[in-house]
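# Results of the structural survey
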Amino acid sequence: MTQGHRIPGGLIDRSRTLRFRFDGREYAGHPGDTLASALLANGVRLMGRSFKYHRPRGPLTAGSEEPNALVELRTGARREPNTRATLAELFDGLEARSQNRLGPLGFDLMAVNDLLSPFLGAGFYYKTFMWPRSFWERVYEPAIRRAAGLGRAAGLPDPDGYDRGFLHCDLLVVGAGPAGLAAALTAGRAGARVILADEDFQAGGRLNAETRLLETPAAEWIAATLAELASLPRVRVMGRTTVLAALDHGVFTAVERVADHLPAPPEGKPRQTLWTLRARRAILCTGATERPIAFRDNDRPGIMTASALRAWANRWAVLVDRRVAVFANNDDGHRTARDLARAGAEVTLIDPRPDAAKVPGVEQFNGAVVIGTSGRLGLRAVALRLASGEHRRIACGALGVAGGWNPNLQLASHHRNRPAWSEGIAAFVAGPDTAPGIALAGAAAGDFSTAGALGGGARAACEALGDLGLRAGVPDLPPAEDAPTRIAALWHVPGKGRAWLDLQNDVTVKDVKLAHQENFRSVEHLKRYTTLGMATDQGKTSNVAALAIMSELTGRPIPQTGTTIYRPPYVPVALGALAGGARGPHFRPTRLTPSHDWATERGAVFVEAGAWLRAQYYPLPHEAGWQQSAEREALAVRAAVGICDVTTLGKIEVQGTDAGAFLDRIYCNTISTLAVGRTRYGLMLREDGFVADDGTAARLAPDRFVVSTTTANAAEVMRHMEFCRQCLWPDLDVQLVSATDAWAQFAVAGPRSRDLMRRIVDPGQDLSNEAFPFMACAELTVCGGTRARLFRISFSGELGYEIAVPARYGDALVRRLMEVGADLGVTPYGTEALAILRIEKGHAAGGELTGQTTAANLGLGRMVSARKDAIGTTLARRAWLVREDDHRLVGLEAVEPQSPIRGGAHLVAREAAAVLAEDQGWITSACRSPHLNRHIGLAMLVRGDRRHGEILRQVNPLEGQESLVRVVSPHFIDPEGERLRG
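A short tour of the structure in this document, coming up. (Residues numbered from 1 in each chain as written. Predicted model: local features only at pLDDT ≥ 70, side-chain atom pairs only at ≥ 80, totals over all residues. Heavy atoms only, no water.)

### Details of the overall build of the protein chain
Scanning the protein chain from N- to C-terminus turns up 24 helices and 48 strands. By residue count, 58% of the 982 residues in the protein chain fall in the buried class. A sequence separation of at least 24 residues applies to 66% of the contacts in the protein chain between residues at least 6 apart. Carbon and sulfur atoms make up 52% of the accessible area of the protein chain, which amounts to about 41100 Å² in all. Separation of charge centres in the protein chain, based on 115 positive and 106 negative side chains, amounts to 4 Å. (Helix = DSSP H or I, 4+ residues; strand = E, 2+ residues; numbered from the N terminus. Buried < 20%, exposed > 50% of the residue type's maximum accessible area, 1.4 Å probe, protein only. Contact = heavy atoms within 4.5 Å. Areas by Shrake-Rupley, 256 points an atom, 1.4 Å probe, with all protein chains shown as cover. Lys, Arg positive; Asp, Glu negative; His and termini not counted. Charge placed at Lys NZ, Arg CZ, Asp CG, Glu CD.)

What follows is the structure, encoded as structure tokens:
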């Protein structure tokens, strides 16, 4: 808790001390610290273990590209694995633990993998897990599953909330470094709508980690710029916000860490918000990532990028060690040596360039390289090879490696933009085919000077606004350093031992050489064979060096060797942020029927049906369970009259002079010959001839139909019909309107249903059997002038109607029906009773319409018209789909009346073994029929239409159940249809 590595200065708030714990031990830090900076201030360099070999690892970088310092934050249900310690803001009481270890962090038992490394090289899994075959399920797969992953998820429901938001702007600026601040200031002064998003909690980018880049103090210019941006009403600055993806049409996604810097989100606030940003123009000021140089044992805790060492000292006032070495192939590394020397460190500079400029106050070796390091849990010393060939050992606790900077092109690559190689900076820059409306500025564009970043950001904003018709001028910018980039590309130091490229996945230079040797030389193959760049940092610090090494091996220039491009997201993102509020009861939108409040008042139990909540049954106080309630409701429909809300059925209005011809092409049976005022059952096929959906088509006028669909397929059928209208037959005069939500619809069924309907239908509509027969339809008024639609159709097999009124009158209508039908014994019934009624009548529904059944299977083969063409009719006539020995829909009744029939059970002959070869069909739906006082079901049975009366066994191997069933007609009730036509 002494923070012995703190030095004066920095951007931390020393007036407050924050207590936190890491691996059970208590430490102290200050506001403005990250977990990594606070641990380094307390002398902790070891923060994790690598994935494959469990090598000791400390921070490599100081930003979101960090591959090593991944930790678990918080405890209990809020525990979050794989958090980058370099990005985790410190707060009082923070609990953090290292991960991917067995035993203490300093003595990880899984480090035995490092001793086995000769057998675990690149691609070993492709060669090892192939034999013997029997080992896969018993040995290999269990072992892989145990080893998979880095941290541990909480395993408990997340107590925090997440949100989603949408914002629009003229200009989106990604990154609040010097280029981003200059761009936002330019656009904001021009009156444009601007969003400035930056993943850091402190705006300024590299300006926060540097000294003497501006003639004025950088902190003062940043503060003044932010204050002006805050005063501009059309500018929004979003800190702690990482832009994850650049999508089509100017759409970007970003995650805002609203409360990650707090122990828990404030009441009513989300932990994170996923934003969808729609920008007319965008400027990517995403900066650059410093890459290390590979040499033997370059992965020890204390070895990091030179820019990270500089950031710890200048921003967080942390000197990682009093004795520091800097290995740099470019002048930017010299800046680290100067800054650390001013901070009081004893610095040694190693530069492979013989003519590198001298840095005052440091020991410097030009023409030298680092060839190795020593130290078990942390760096103790580095070994050099001098220009003379002499070897030298230098004691130090920190080594900064500066191998050059890679512009952050990830967002630009999301539009398949291939990067181009720049010799001047020895790195890839954005290619010429950057997506329209997107520009890059500053280090992201390969301009590494501060003056270039400031001017580039302002000019990019002027150009973007000019495209939008807005005039903007470059503001007065502070004088800044404008040094050229001087670099001598050095990717790795040849020698014995392992030189690490991807530190999280333990990929070495030797692994790249092995990939080349085994002919995995394509950049895509290299990535997958070695797993290079497949870690949480997506290769931000390793990809370019690996490609350069492959270039050396193949003898081709780096541009010809190629590069992979990047996919979203830019950084790992919590699944909770992607889900937003769609969790628990809000996992998906819940649609309520018009009678929902009324059904709730009557104590209904609800069930999900597609996106709807439907009343499942209406229990009475004396009833023991759902089956008793459902059977009572079904008997009431058979004996008197029942009401069921069927609003959820899809309703599509088809209008136009060609409406009939259009429906003839959609349905396999003929619809166009339907008379006005009549309804017909329709069967819809897929292109492959299988049944897609069924419903009714009612003709309300010569050029107007209303077709119904099943609840689950309403949206899919609408999409299908709209596709056919727009793409297949655009010449037809047809318009489609989805009217499912516009009309409340109720089924009124039972022998007394006509009496009930006469009490609500206004005078003038004759409901007699002669005037309004089965399958009739009409537009009329009810309850004193409310417009309605009446259909005489029946799903229950009883005399029945469906009455539809505008949705806003649905609740009033059901209450009125219950009121005026009280003396008729009117009973509400739910989906359970509806299922009983339809199985008793033999109507096919969800269990039968699985997408794997044909019209012939359902006994509806004659509906497939041979006189016209329609979608699926040709393939429905394939010999294999209409063969005589195929499955047919049948009814089943239990031989022992009270023996249950199980949906999903298979049917075998009475004396046959319960094996696949003897399988003759399966049960699609089942229930107990209160009317028949026995268990019944529907099934698909081979040649079932010719096997009525045969006794089979139903077999349920999963639950060890079987019993005898008799094959009967699927029409258990009123097979001649006298009731529904009466």
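### What to know about helix α4 (residues 135-147)
Along its length, α4 reaches its greatest deviation from straightness, about 30°, at Glu 141, and the proline Pro 142 lies no more than four positions downstream. In the stretch just after α4, Gly 149 is the one whose phi turns positive, near 85°. (Bend = angle between axes of the 7 residues up to and from the residue.)

### Concerning the environment of Asp 919
With respect to the helices, strands and loops of the structure, Asp 919 is situated in the loop between β44 (906-909) and β45 (921-929). Residues Asp 919 and Lys 540 lie 379 residues apart in sequence; the distance between their C-alpha atoms is 56 Å. Not counting chain neighbours up to four residues away, the residues in contact with Asp 919 comprise His 906, Leu 907 and Val 908. Among the polar contacts made by the side chain of Asp 919, one reaches the side chain of His 906 at a distance of 3.0 Å. Looking at Asp 919, its side chain comes within polar contact range of the main-chain nitrogen of Gly 921, at 3.3 Å. (Polar contact = N/O pair within 3.5 Å; in protein donor to acceptor, adjacent residues only side chain to side chain.)

### Here's the deal with the sheet that holds strand β6 (residues 80-84)
As summarised here, the arrangement of the five strands in space is β2-β1-β7-β5-β6, forming an open sheet in which the pairing is mixed. In this open sheet, the two edge strands, each paired with only one partner strand, are β2 (25-29) and β6. Taking the axes of each pair of neighbouring strands and ignoring which way they run, one obtains an average angle of 40° across the sheet. Two strands pair when backbone bridges link them, and strand β1 (residues 18-22) and strand β7 (residues 94-98) are joined in this way by three bridges, in the parallel orientation. Residue pairing for β7: Arg 21 is matched across the bridge by Glu 95. (Pairing = 2+ DSSP bridges. Axes fitted to C-alpha atoms, helices over the stretch in contact; angles between N-to-C directions.)

### Brief notes about the packing of helix α20 (residues 753-760) against helix α21 (residues 810-820)
Helix packing geometry: the angle between the two helix axes and the distance between the axes. Contact pair α20 / α21: the axes reach a minimum separation of 10 Å and the direction vectors enclose 120°. The handedness of the crossing between α20 and α21 comes out as right-handed. Contacts between α20 and α21 involve Leu 756, Arg 759 and Ile 760 from the former and Leu 813, Arg 816, Leu 817 and Val 820 from the latter. Taken together, the residues of the contact of α20 with α21 break down into five nonpolar, no polar and two charged. (Left-handed = near helix turned anticlockwise from the far one by under 90°. Nonpolar A, V, L, I, M, F, W, Y, C, P; charged D, E, K, R; others polar.)

### Some points on a nonpolar patch on the surface
Judged by side-chain polarity, Val 112, Leu 115, Leu 116 and Phe 119 come together as a nonpolar surface patch covering roughly 440 Å² of accessible area. In this fold, Val 112 is placed in helix α2 (residues 112-115). (Patch = residues over 30% accessible without salt bridge, like charges linked within 9 Å, V, L, I, M, F, W, Y side chains within 5 Å. Salt bridge = Lys/Arg side-chain N within 4 Å of Asp/Glu carboxyl O.)

### Topic: the nonpolar core
With 51 residues, the main nonpolar core has Leu 35 and Trp 312 as its most contacted residues. Within the second largest apolar cluster, 47 residues are counted, among which are Ala 122, Val 174, Leu 409 and Leu 411. (Core = buried A, V, L, I, M, F, W, Y, C linked by side-chain atoms within 4.5 Å.)

### Considerations on the pattern of salt bridges
A full pass over the atoms with the stated rule returns 55 salt bridges. A salt bridge links Asp 331 to Arg 353; its shortest N-O distance comes to 2.8 Å. Of the two residues, Asp 331 is situated in helix α8 (residues 331-342) and Arg 353 in the loop between β17 (346-351) and β18 (363-366); the sequence distance between them amounts to 22 residues. Pair check on accessibility: Asp 331 and Arg 353 agree, each one buried. Residue Asp 885 is joined to Arg 883 by a salt bridge in which the shortest nitrogen-to-oxygen separation is 3.2 Å. Bridged by salt links that share partners, the residues Arg 55, Arg 57, Asp 114, Arg 296, Asp 297, Asp 299, Arg 300, Arg 498 and Asp 506 form one connected network.

### Section: the side chain of Arg 6
Here Arg 6 is to be found in the segment before β1. Overall, Arg 6 belongs to the buried group, its relative accessible area being 11%. For Arg 6, the contacting residues outside a window of four places in its chain are Ile 12, Arg 14, Gly 29, His 30, Asp 33, Ala 38, Ala 41, Trp 316, Ala 317, Val 318 and Arg 322.

### Quick word on the packing of aromatic side chains
A complete count under the given rule lists 10 aromatic pairs for this structure. Ring geometry for Trp 598 versus Tyr 618: centroids 5.9 Å apart, planes at 55°, classification tilted. A residue pair is termed long-range when its members are at least 10 positions apart, and Trp 598 in helix α16 (residues 596-601) and Tyr 618 in the loop between β31 (612-617) and α17 (626-639) qualify at 20 residues. Neither residue differs from the other here; Trp 598 and Tyr 618 are each classed as buried. Put simply, the rings of Trp 421, Phe 428 and Trp 491 pair up and form one aromatic cluster. A cation over an aromatic ring shows up here: Arg 498 above the ring of Tyr 53, its NZ or CZ 5.6 Å from the ring centre. Lys 540 extends its terminal NZ or CZ atom over the ring of Tyr 570, reaching a point 4.5 Å from the ring centre. (Phe/Tyr/Trp six-rings, centres within 6.5 Å; stacked < 30°, edge-to-face > 60°. Lys NZ or Arg CZ within 6 Å of the ring centre and 35° of its normal.)

### Examining empty space enclosed by the protein
Unoccupied space between atoms shows up once a probe the size of one water molecule is rolled over them. Applying the stated rule across the entire model yields six cavities of 30 Å³ or more. Forming the walls of the largest cavity are 15 residues, and the residues nearest its centre are Asn 406, Pro 407, Leu 409, Val 544 and Tyr 566. Elements that contribute at least two residues to the lining of the largest cavity include exactly β23 (405-407) and α13 (543-554). When grouped by side-chain class, the residues that make up the lining of the largest cavity number six nonpolar, eight polar and one charged. Volume-wise, the second largest cavity comes out at about 90 Å³. (1 Å grid on protein atoms, 1.4 Å probe; cavity = no way out; pocket = protein on both sides within 12 Å on 5 of 7 lines; lining within 4 Å. Points joined across faces, edges and corners; volume = space filled by probe spheres on them.)

### What to know about helix α5 (residues 178-189)
Each full turn of the α-helix corresponds to 3.6 residues, which orients residues three or four apart in the same direction. A rise of 1.5 Å per residue sets the reference length of α5, with its 12 residues, at 16 Å; its end C-alpha atoms lie 17 Å apart and thus fit the reference within 8%. Every buried residue belonging to α5 is among Pro 178, Ala 179, Gly 180, Leu 181, Ala 182, Ala 183, Ala 184, Leu 185, Thr 186, Ala 187 and Gly 188, and all of these are buried. In this fold, the buried residues of α5 make contact with β8 (162-174), β9 (194-197), α6 (218-231), β10 (235-238), β13 (272-284) and α10 (450-467). Residue Gly 191 follows α5 closely and has a positive phi angle near 90°. (Expected span 1.5 Å × (residues − 1).)

### Considering the environment of Arg 14
For Arg 14, the location among the structural elements is in the segment before β1. A sequence separation of 15 residues divides Arg 14 from Gly 29, and the C-alpha atoms of the two residues are 8.6 Å apart. Those residues in contact with Arg 14, other than ones at most four positions away along the chain, are Arg 6, Ile 7, Pro 8, Gly 9, His 30 and Ala 317. Only 2.9 Å separates the side chain of Arg 14 from the backbone oxygen of Gly 9, close enough to count as a polar contact.

### Some thoughts on unusual backbone geometry
The residue after Pro 568, namely Pro 569, is reached through a cis peptide bond having omega 0°. Looking at the element boundaries, Pro 569 is found in the loop between α14 (558-561) and α15 (575-579). Of note, the phi angle at Arg 416 is positive, near 70°, even though the residue is not glycine. The phi angle at Asn 519 is positive, at roughly 75°, despite the residue not being glycine. Along the chain, Asn 519 falls in the loop between α11 (509-517) and α12 (523-530).

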